[in-house]
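In case you want the letters, here they are:
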Amino acid sequence: MLRRPLLWTGILRTPSPRFLRYASSVPPLIRIDKGTFYQRYPTPDDAATGQNPPLFPNLNFVLPAKPEGASTENKDESQQNWAVIGSSGRTSFLDVFRGQYICEPPTARSYPFLLTDEIAEKDPRLRFVGNAVQYIGFSGEGSGAIGGTRGAYLSARYESHREETDWTVGQYLKGQTELNPLEGFEDGKVKDKELLNQVISDLRLKELLDMPVANLSNGQTRRARIAKALLSKPELLLLDDPFMGLDPATVRGISGFLHKLAAKSSPRLILALRPQDTVPNWITHVVILGNNNRVLLQGSRAEVDQALGVWAHLPTKSQTGLHPEDKKIYARAADDMEKGFLDKQLLWDLNLFKPKAGKTVPVAAQGGEPLIEMDGVRVQYGDKVVLGNWEQDIDGKKQGGLHWTVRRGQRWVVLGANGSGKTTLLSMITSDHPQAYAMPLKLFGRSRLPEPGKPGISLFELQSRMGHSSPEIHAFFPRQLTLRQSVESAFADTFLSKPKLNHDRDLDVSAALRFFKAELDPDAACIKENPPSIESKSGEAFPDIGLSHRMQKQPYFPTDYDVDYADTVTFGQLSTAQQRVVLFIRALIHKPDIIILDEALSSMPASTRDKCITFLETGEVIPQHFIPPPSTRRPKNEQLPIKGFNSDPATIRHTGISDNQALIMISHVKEEIPDTIRHYMRLPSDPGDGAEPLDFRLGVLENDWVMSDSPIWERVWSPPSEFAKPFKAVKARAVEPEEKGRKQRRSKAEMIAERAKTGEATEEPEEQAESEEPEVNPTRGRKKTEQPDEPEQKPARGRKKIVEEQLEEPEQKPSRRGRPRKTKEPTEPTTKGRGRPKKAN
Ligand SMILES: Nc1ncnc2c1ncn2[C@@H]1O[C@H](COP(=O)(O)OP(=O)(O)OP(=O)(O)O)[C@@H](O)[C@H]1O
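In this text, all values refer to a predicted model and were calculated from it rather than measured experimentally.

Caption draft 1: The pattern of salt bridges, seen in detail. This model, assessed by the stated rule, comprises 27 salt bridges. Its salt-bridge partner being D506, residue R484 comes within 3.9 Å of it at the nearest N-O pair. Of the two residues, R484 sits in helix α17 (residues 483-488) while D506 sits in helix α18 (residues 503-515), which places them 22 residues apart along the sequence. One network of salt bridges, with partners in common, ties together E369, R408, R446, E461, R465 and D593.

Caption draft 2: How the structure looks around unusual backbone geometry. Residue P105 is bonded to the preceding E104 through a cis peptide linkage, with omega at -10°. With respect to the helices, strands and loops of the structure, P105 is situated in the loop between β4 (102-104) and β5 (109-110). Phi is positive for D395, close to 45°, though the residue is something other than glycine. Judged by its relative accessible area of 47%, D395 is partly exposed. Positive phi, normally seen in glycine, also occurs at E599, with a value near 50°. Inspection of the secondary structure puts E599 in the loop between β20 (594-598) and α23 (606-618).

Caption draft 3: Representation of the side chain of D432 in the model. Counting through the fold element by element, D432 comes out in the loop between α14 (422-430) and β18 (441-443). We classify D432 as buried; its relative accessible area is 18%. A polar side-chain atom of D432 sits 3.0 Å from a polar atom in the side chain of T430.

Caption draft 4: Structural detail: the pairing of strand β13 (residues 384-387). Of the strand pairs in this sheet, strand β12 (residues 379-381) and β13 are connected by 3 bridges, and their pairing is antiparallel. If you follow V379 over to β13, its bridge partner there is L387. Between the antiparallel neighbours β12 and β13 lie 2 residues, among them G382 with a positive phi of about 60°.

Caption draft 5: The sheet that holds strand β8 (residues 268-273), seen in detail. Spatially, 6 strands are ordered β6-β7-β8-β3-β9-β10 in an open sheet, and the strand pairing comes out mixed. At either end of the open sheet lies a strand with only one pairing partner, and these are β6 (133-137) and β10 (294-300). Looking at each pair of strands side by side, their axes are set apart by 15° on average, direction ignored. Those strands touched by helix α11 (residues 301-311) are β9 (285-290) and β10, and its axis lies near 130° from that of β10.

Caption draft 6: Structural view of the sheet that holds strand β22 (residues 679-682). Strand order in the open sheet formed by 6 strands is β19-β20-β21-β17-β22-β23, and the pairing between neighbours is mixed. Here the strands that pair on one side only, and so sit at the sheet edges, are β19 (466-469) and β23 (697-700). This sheet shows a mean twist of 15° between the axes of neighbouring strands, independent of strand direction. Pairing between β19 and β20: 4 bridges, direction parallel. From the neighbouring strand, G467 faces β20, where its bridge partner is I595. The strands touched by helix α22 (residues 576-588) are β19 and β20; relative to β19, the strand with the most contacts, the crossing angle is about 170°.

Caption draft 7: Just the environment of P64, in detail. Along the polypeptide, P64 turns up in the loop between β2 (55-63) and α3 (75-78). On a C-alpha basis, the gap between P64 and Q80 in space is 7.4 Å, while along the polypeptide they are 16 residues apart.

Caption draft 8: Just the packing of aromatic side chains, in detail. In the structure shown here, the tally under the stated rule is 13 aromatic pairs. Note on F477 and F495: the rings are 5.1 Å apart at their centroids and 65° apart in plane angle, and the pair reads as edge-to-face. Of this pair, F477 sits in the loop between α16 (471-476) and α17 while F495 sits in the loop between α17 and α18, and the two are 18 residues apart along the sequence. Each ring, one from F477 and one from F571, has its centre 4.7 Å from the other, and the planes form 55°; the classification is tilted. With F477 in the loop between α16 and α17 and F571 in the loop between α21 (565-568) and α22, the pair connects residues that are 94 residues apart, well separated along the chain. We classify F477 as buried; its relative accessible area is 2%. In this structure F571 comes out as buried when scored by relative accessible area, which is 0%. Taking NZ or CZ as reference, R98 lies 4.1 Å from the ring centre of Y135, over its face. Positioned above the aromatic ring of F515, the side-chain terminus of K611 is 4.7 Å from the ring centre.

Caption draft 9: Main features of the packing of α11 against helix α12 (residues 324-339). Packing of α11 against α12 leaves a shortest axis separation of 9 Å and a crossing angle of 70°. By the criterion of interaxial angle, the relationship of α11 to α12 is roughly perpendicular. Remark: the crossing between α11 and α12 carries right-handed chirality. Residues Q306, A307, V310 and W311 of α11 pack against D326, I329, Y330 and A333 of α12. Its residues assigned to classes, the contact of α11 with α12 comprises 6 nonpolar, 1 polar and 1 charged.

Caption draft 10: Structural view of the confidence of the model for the chain. Looking at the chain, the pLDDT average stands at 74 and 68% of residues meet or exceed 70. Note that pLDDT drops below 50 for residues 1-11; the model gives that stretch 31 contacts with residues more than four away or on any other chain. Predicted confidence is poor over residues 730-841, with pLDDT under 50, and the contacts of this stretch with residues over four places away or in other chains come to 290 contacts.

Caption draft 11: Representation of the environment of D277 within the structure. In this structure, D277 sits in the loop between β8 and β9. Owing to a relative accessible area of 12%, D277 belongs among the buried residues under this scheme. In the structure, D277 is positioned 192 residues away from I85 in sequence and 8.7 Å away in space, judged by C-alpha atoms. There is a polar contact of 2.7 Å between the side chain of D277 and the side chain of R274.

What counts as what
- The written sequence of each chain sets the order in which its residues are numbered from 1.
- Two thresholds apply to this predicted model, a pLDDT of at least 70 for residue-level local features and 80 or more for giving and counting side-chain atom pairs, whereas whole-chain, interface and lining totals are computed over all residues.
- Excluding hydrogens and water, the side-chain values take into account all heavy atoms of the structure.
- For salt bridges, the criterion is a side-chain nitrogen of Lys or Arg within 4 Å of an Asp or Glu carboxyl oxygen.
- Each helix corresponds to a stretch of at least 4 residues labelled H or I by DSSP, and each strand to a stretch of at least 2 residues labelled E; elements are numbered beginning at the N terminus.
- Relative accessibility decides the category of a residue: with a 1.4 Å probe and only protein chains considered, values under 20% of the type maximum give buried, values over 50% give exposed, and everything between is partly exposed.
- By the criterion applied in these results, polar contacts are pairs of N or O atoms within 3.5 Å in which, for protein atoms, one can donate a hydrogen and the other can accept it, and in which residues neighboring in sequence qualify only through two side-chain atoms.
- Two strands pair under a simple rule: DSSP has to find at least two bridges between them.
- For helices, the axis comes from a line fit to the C-alpha atoms of the stretch in contact; other axes are also lines fit to C-alpha atoms, and the angle between any two N-to-C directions lies between 0 and 180 degrees.
- Throughout, a contact is declared for two residues whenever any of their heavy atoms are within 4.5 Å.
- When the centres of two rings from Phe, Tyr and Trp lie within 6.5 Å, Trp using its six-membered ring, the rings pair. Their planes under 30 degrees apart give stacked, over 60 give edge-to-face, and anything left gives tilted.
- Lysine NZ or arginine CZ positioned within 6 Å of the ring centre and within 35 degrees of the ring normal marks a charge as sitting over the ring.
- Between 65 and 115 degrees an angle is taken as roughly perpendicular, under 35 as roughly parallel, over 145 as roughly antiparallel, and anywhere else as oblique.
- It is the rotation of the near helix from the far one that decides the hand of a crossing: anticlockwise by less than a right angle makes it left-handed, clockwise makes it right-handed.
- The residue classification treats Ala, Val, Leu, Ile, Met, Phe, Trp, Tyr, Cys and Pro as nonpolar and Asp, Glu, Lys and Arg as charged. All others, Gly included, are polar.
- Scored from 0 to 100, pLDDT records how confident the predictor is in each individual residue.

Here you go:
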């Protein structure tokens, strides 16, 4: 019989190292024994100034060098593969493992295994932590992150001319990146050719070997970086957000590949994941981080799952049916909530609480005048066509290249595997791509170059009429700008030139910064004091204060007191997720005709993501002041854990995207796609693993269907042969998110109540508990027995209504005359992705 799980002993949060199993004969790879970490050496003044706060106080952590009983059959069971999950602080936590930060006491953090003879014999370089522990962060830096020359400006990536220093993927992997290499290193630093070939084939990099790293897409960059890290044969690989920005097939591929590495313990892996990410089922141990760099839960996956089941009771404050030991977990969590380490946002991010969302799913807009018209766009470099290598049926004739019209009021998502050309497509629209000038492409009814009787459209006009956030912009965005300057740069010609501001624009910027204060102001959580007020008698000096204030002798609050933070905090001081929020605001703030969000919401916690979607759809308006179109992610007022809504109609500046604006979005994650998105385009791609290639498709979602629903999402990602089959879809709103959340919580609560009733909690063996009570994935609420090997989402179960319809594939014929074309409701069955598919028999 196993001993009682750590959870019940109340030490789940900071288990003492002696409780964590590791082979006694082999010292652990990392041992942290009551360590507290600091950015710089702590001084007595720190407490008074609030500077240099402790990170992860009294942390205990042991990472075994080898699974217990490595030579026995138990190997798999005792292997520890950790995931660090949190809305913030994940990267800092990984930094602790790689020797960053000051450790107090200094001896609390050690790497005993690196001092063994085994390591000395294997490779003495590995005695140095910097070599033994490799970190790969994937915060959407694009290919600049892998050290390639990206050029000094955004469009450099798309140019075919390359500098001598633009090394290829092959050179990057081999380490041939010195212009004057030392003797003996002319062929690079990688001596193990077998490993090199293995890594190239496992990560599907063969075809990219001769490509300059600057040309890689985000997904390709990620694969190259993992390969490079593996070639240095580290003992421990820290992967920060490894699945972010990857298409579903690549996620499966990389997760499977990581699983293989984890099984061999070569290297050992620690993943940092966002709370909403699906945790791969080969992860055995989990750390849950709270606000202000606190470890809230730490232990085996089953233990943490159990605690999360208890946390699910926090929003309702109901402890009914909780076992006495569960009540201790509840009490501690409630205490953490009181202290601000845990909040409803984190519960939301962990899918333990979800505010009720709006019910209305908008219908597809036929749209007004065309804003973007592509009549056969085809981008190629030499022989390689990267966009438009297909034919479309245009007015009954097959025509090559991309034919696509985006109209005012339409909401589009562009889907496609990594490397399928999505960013290239957007670079045509934004004119970052040099070939945009030569393409059959019209923006706002005009070509880039002048035509007889019609002037061309200038880059500056384009920029002012488009709002754009993308990983590329993120990579290039100047870090030294304050948050206000960053947002205001939307009104400038370039990132650093002077913005054209006026009073209205100023108010717009302040309103948006106020709405996102809770997410962006580093002090937002701890500021409790009242705003600075000006006595009404000073009204004479401030004529704007108004009569009512003077008459009623009410103090006047300067309108901008609460957005001061934006003048002191710089873009570079924010976390990746916060930076994305700033760029998101920047894309919307000038109310452009076309909003382009390229992976703009990736890296954000679920609550921030949904808040951004709410802002996009309905602005800052508090729910009582409901203004159409309704937001599909807006939480009901009484449940609002998010701050920033404006209840004063007189000061509301943002009411969401209007019918005059078009939206184009790129995302690989269905939850990031607002339900207002009705049109989709899928770019073709070949998975390259023998699976059926995906073809080009344009489509409009049925009323009631939303992309964030699993069956619809899987449908749009399915190969042509699947499209040919009848589709049993589920009405998007058959089960409301809240209802799903309740179901999940109920089942967990029922589980706990049952255990309390049977009194089995005390000495029950873990194995038995697992077999009788399927574990719920902490971040997804999925039963463990049903988890896929990869972090992919399977269709949600428990749907109510099944309708037998196929996802339609309506035609979207570009109008050459510029007249609005009515969106055709497809009626014909088809197997070629055009017209309305057959009704199922
Ligand atoms: N200058 C160039 N020369 C040759 N190929 C290039 C060049 N620039 C980009 N490519 C290739 O064009 C393809 C499309 O790249 P793009 O960045 O548009 O893909 P993506 O769909 O946005 O991918 P991701 O989802 O990974 O960001 C990729 O295979 C990329 O390697």
